[in-house]
Amino acid sequence: MTSPHALAAFVFGCFAAAPACAGDRALVDTTRSRDAKMYLPDLGDVKWNGGLLGERFETCRTTMVPHMWEIFSSDTDSHAWANYRIAAGLQQGKFSGPPFNDGDFLKWFEALAQIYAVTRDPKIDAQMDGIIAVVAKAQREDGYLHTKVIIPQRAGEKAREFADREHFETYNMGHLITAACVHYRATGKTTLLACARKAADYIEGLAKNVPDELARNAICPSHYMGVVELYRTTREPRYLELAKKLIEIRNLVGPEVGSDQNQDRTPYRDTFKAVGHAVRANYLYAGVADLIAENGDQTLLRPTEKISANVAGQKLYVTGMTGAIYDGASPDGVDYTQHKYIRTVHQAYGRDYQLPNLTAYNETCATIGYAMWMWRMLTLTGDAGYADLFEQALYNGVLPGISLDGKNYFYVNALKKLKDFDWPMRWSRTREPNIKASFCCPPNVVRAIAELHNYVYSLSPGTLWVNLYAASDLSTAWTDGARIRLKQETDYPWSGAVKLTIAEAPSREIAVKLRVPGWLHAGAAKIRINGAPAAGRSSLASDSTASGGPSPASGLLQNTAPRPGSYFEVKRAWKAGDVIELAMEFSPVLLEANPLVEETLNQVAVKFGPLVYCLESNDLPAGVQLKDVVLALDQTAGALKPQRQQIGSASVVALRAPVLARTATPWTKAELYREVGRAPLREVPVAFVPYYAWGNRGDTEMSVWLPVR
């Protein structure tokens, strides 16, 4: 009789040898997802060609990824790699570090696999082979992987699985599964995929035998996305059934045990607002969106759209970040009129419009989770509004998580920092070279930057979608084998000129859909084909838009000008040498927030294209303090002038303008209120810098929002 191991090897071998279908080597494979409107090119089909995002990828390749390996493999900086080696029996020792470090290490490994997919560097391939051998040996035969439990068990000590839901077992195994899918698609090797299948089979057993316990332990549920991606990779139907069951068993937790902190107080289908721990929430919502793409469950889509609208309309920072509060209380319990039912929340979504600045939490992982969720909503709907939200989070929420040199990190992301506000917070608001207590964000942001090129373009039958504007080369194919190659030349986000040159295209007609950002003014986008104005149509959202309000129309507007917040479609038979030019006119603007956002009342923020700007104390004249700066609305708005500025080794576009500085009597910490006095104002020159670049010039003060008069 054939052994299970031999059978598995045969199946894996056949699967690996199967001819690749275009798109099934993608970061997220929706080529065969029944309700997906688009799918991504393969992992290596897009190459950066300079520009801001290209520079970030190059820093990721040369510094972020190798530097993080140094941290993980250090005897003093991290114990994550040592935990795997100890669990594998390759060295002596005890478990050390946070219980979720297993998953954090695998996030970094996923970044390594993505770098390999682009570079095909044989040294990286060999490095991954060595790492996988250790991970496979550390994993238990039944598929369980959690070194905090495995290490003492193999030493003969008592240690129980799921003894504490805050130990993140399913999170760790979820990142194993996702990393394995990316590794397989990058290399064609099934070594880590075999580990992923064992882990998924273990989770499947839990779902069958102890579903309530598994549901209670869905903490930062990366395994939701992981299991769906494993189904897409293997086409094994039971993994899709498992993904469905993982969502359904959340109903078993119930209001007495569940909480808003973990989004399990109410059944998912009865939930319409974002609550609780923002990383857990965004991973949940992204996982549900993945499931919807496969089975089209409208009873899941409706609440997911409502939750998305709640975030975009009431709970999203101007930087695209989520999870406003350090600690708080959610009154949405069994009976919110009784104090005993009010539950604490932390690292969490707050109430509508509760968006503090000095004490903003905004965990980097939460923003990455939000971006993944928004991408999946775009995939489900084709609504350009979700692409806008993805871009907002990318430039202003993901990029700030790591320093320009690629070696220092933010765990939390405040929108204001003042030296006088020196009360201790749980996390530093200065970039740190290591965050030993919780090293989840650094590998997550490295992974995100390594994978950004995947999102620039999408495909659907007979259509190429251009989602992001960044200097890049595309060489890919549709699922029918028809190929397209093009070059995108642009200095975006610093300017709005984009040039696409076709190098190869099918002989049949192909629609090219160009995203027209929703933040552009009407008439600010113009498109030309081979020098002549383009005739095309704008695609509108369906019945519900990304922001949650009713769409003014749906479908396609024929022969219209490019409309902000839509995709502009040009359909024709393309040939080599054809040129598409998109000209987007934008200049610096001042934003105000809804007056219900108390902390920004009578304040404005500076935005230039997709980038949010801030003012750092580095860029103030001597003797001027940040808290004394005031913007004159009629003076500053039209005076903001873009100018190149060097911050470390990076070149950014700063915005220079005159502002007003008050000469105010200093406050003491013993003063809480005092009578208003007249403070003389004088004009001073300052430079605003992109928010993603702040904190790279020492321990500085900073603010996104500034008072206006």
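Residues numbered from 1 in each chain as written. Predicted model: local features only at pLDDT ≥ 70, side-chain atom pairs only at ≥ 80, totals over all residues. Heavy atoms only, no water.

A. Layout of the overall build of the protein chain. Of regular secondary structure, the protein chain possesses 18 helices and 26 strands. Taking 27 Å as the expected radius of gyration for a compact globule of 709 residues, we find that the protein chain reaches 25 Å, a close match to that expectation. The principal-axis extents of the C-alpha atoms in the protein chain amount to approximately 90 × 70 × 50 Å. Burial analysis of the protein chain (709 residues in total) assigns 60% to the buried set. Across the protein chain, the fraction of contacts at a sequence separation of at least 24, relative to all contacts at a separation of at least 6, is 71%. Here the protein chain carries 77 positive and 75 negative side-chain charges, and the mean point of each set is 1 Å from the other. (Helix = DSSP H or I, 4+ residues; strand = E, 2+ residues; numbered from the N terminus. Rg over C-alpha atoms; globule rule 2.2 N^0.38 Å. Buried < 20%, exposed > 50% of the residue type's maximum accessible area, 1.4 Å probe, protein only. Contact = heavy atoms within 4.5 Å. Lys, Arg positive; Asp, Glu negative; His and termini not counted. Charge placed at Lys NZ, Arg CZ, Asp CG, Glu CD.)

B. A look at the environment of Trp519. Of note, Trp519 is situated in the loop between β11 (509-516) and β12 (525-529). Separated by 79 residues in the primary sequence, Trp519 and Cys440 have C-alpha atoms spaced 32 Å apart. Trp519 has contacts with Glu391, Tyr492, Phe586, Lys607, Gly609 and Pro610, leaving out every residue within four places of it along the chain. Within the structure, the side chain of Trp519 is placed 3.3 Å from the side chain of Glu391, a separation counted as a polar contact. (Polar contact = N/O pair within 3.5 Å; in protein donor to acceptor, adjacent residues only side chain to side chain.)

C. Examining helix α11 (residues 237-248) more closely. Spanning 12 residues, α11 covers 17 Å between terminal C-alpha atoms, matching the ideal 16 Å at 1.5 Å per step. Against the buried residues of α11 lie α8 (191-209), α9 (211-216), α10 (222-234), α13 (278-295) and α14 (298-315). (Expected span 1.5 Å × (residues − 1).)

D. Up close: the pattern of salt bridges. Per the counting criterion, the structure on display carries 45 salt bridges. Note that Arg34 is salt-bridged to Asp35, the shortest N-O span being 2.6 Å. On the accessibility criterion, Arg34 (58% relative accessible area) is exposed. A salt bridge links Arg537 to Glu569, with the shortest nitrogen-to-oxygen separation between them at 2.9 Å. (Salt bridge = Lys/Arg side-chain N within 4 Å of Asp/Glu carboxyl O.)

E. Layout of the side chain of Lys607. For Lys607, the location among the structural elements is in strand β19 (residues 603-608). There is a polar contact of 2.7 Å between the side chain of Lys607 and the backbone oxygen of Gly609. Sequence-distant contacts of Lys607, defined by excluding residues within four places in its chain, comprise Trp519, Ser587, Pro588, Val589 and Leu591.

F. Molecular detail of the sheet that holds strand β13 (residues 532-533). Strand order across the open sheet formed by seven strands is β1-β8-β9-β10-β17-β12-β13, with antiparallel pairing between neighbours. A single partner strand is all that each edge strand has here, and the edge strands are β1 (46-48) and β13. Relative to strand β17 (residues 579-584), strand β10 (residues 497-504) is paired through five bridges, and the arrangement is antiparallel. Paired with Thr501 across the bridge in β17 is Val579. (Pairing = 2+ DSSP bridges.)

G. Just the nonpolar core, in detail. Ranked by size, the top nonpolar core spans 241 residues in total, and within it Trp373, Phe688 and Val704 carry the most contacts. With sequence-adjacent residues up to four places away left out, Phe688 is seen in contact with Val606, Tyr613, Cys614, Leu615, Leu631, Leu640, Ala654, Leu655, Val659 and Leu706. (Core = buried A, V, L, I, M, F, W, Y, C linked by side-chain atoms within 4.5 Å.)

H. Summary view of α8. Along its 19 residues, α8 runs 28 Å from first to last C-alpha, staying within 8% of the 27 Å computed at 1.5 Å per residue. Within α8, burial applies to Leu192, Leu193, Cys195, Ala196, Arg197, Ala199, Ala200, Tyr202, Ile203, Leu206 and Ala207.

I. Looking closely at the pairing of strand β9 (residues 483-490). Only one face of β9 is buried: it carries Ile484, Leu486, Gln488 and Thr490, and the other face, with Arg483, Arg485, Lys487 and Glu489, is open. Here strand β8 (residues 472-477) pairs with β9 via six bridges, running antiparallel. Counterpart to Ser472 in the pairing with β9 is Gln488. The hairpin turn running from β8 into β9, its antiparallel successor, is five residues long, and Gly481 in that turn takes a positive phi close to 95 degrees. One ladder, built from six bridges, connects β9 with β10; its direction is antiparallel. Across the sheet, residue Lys487 finds its bridge partner in β10, namely Thr501. Hairpin connection, β9 to β10: the antiparallel pair is bridged by six residues.

J. Structural view of the confidence of the model for the protein chain. On average, the protein chain scores 91 in pLDDT, and the residues at 70 or more come to 93%. Note on residues 549-554: pLDDT is under 50 here. Beyond four places in sequence and across chains, it has 15 contacts. (pLDDT = per-residue confidence, 0-100.)

K. A look at the packing of aromatic side chains. Counted by the stated rule, this structure contains 32 aromatic pairs. Between the aromatic rings of Tyr361 and Tyr411, the centroid separation amounts to 6.3 Å while the plane-to-plane angle is 85 degrees, which identifies the pairing as edge-to-face. Placement of Tyr361 in the loop between β4 (343-349) and α15 (364-381) and of Tyr411 in the loop between α16 (384-398) and β5 (416-417) is noted, with a sequence separation of 50 residues between them. Residue Tyr411 is classed as buried on the basis of its relative accessible area, which comes to 4%. On the numbers, 6.0 Å between centres and 85 degrees between planes, the contact of Tyr409 with Phe439 is edge-to-face. Here Tyr409 is found in the loop between α16 and β5, whereas its partner Phe439 is found in the loop between β5 and α17 (441-450), with 30 residues between them in sequence. Members of the aromatic cluster, joined through ring pairs, are Trp69, Phe72, Trp81, Tyr84, Phe105, Trp108, Tyr409 and Phe439. (Phe/Tyr/Trp six-rings, centres within 6.5 Å; stacked < 30°, edge-to-face > 60°.)

L. Up close: unusual backbone geometry. With omega at 10 degrees, the peptide bond leading from Tyr492 into Pro493 counts as cis. Within the fold, Pro493 resides in the loop between β9 and β10. In this structure, Gln263 is a non-glycine residue whose phi angle is positive, near 55 degrees. Considering the arrangement of structural elements, one finds Gln263 in the loop between α12 (254-257) and β2 (276-277). Of note in the backbone geometry, Tyr353 takes a positive phi value of approximately 70 degrees without being a glycine. Considering the arrangement of structural elements, one finds Tyr353 in the loop between β4 and α15.

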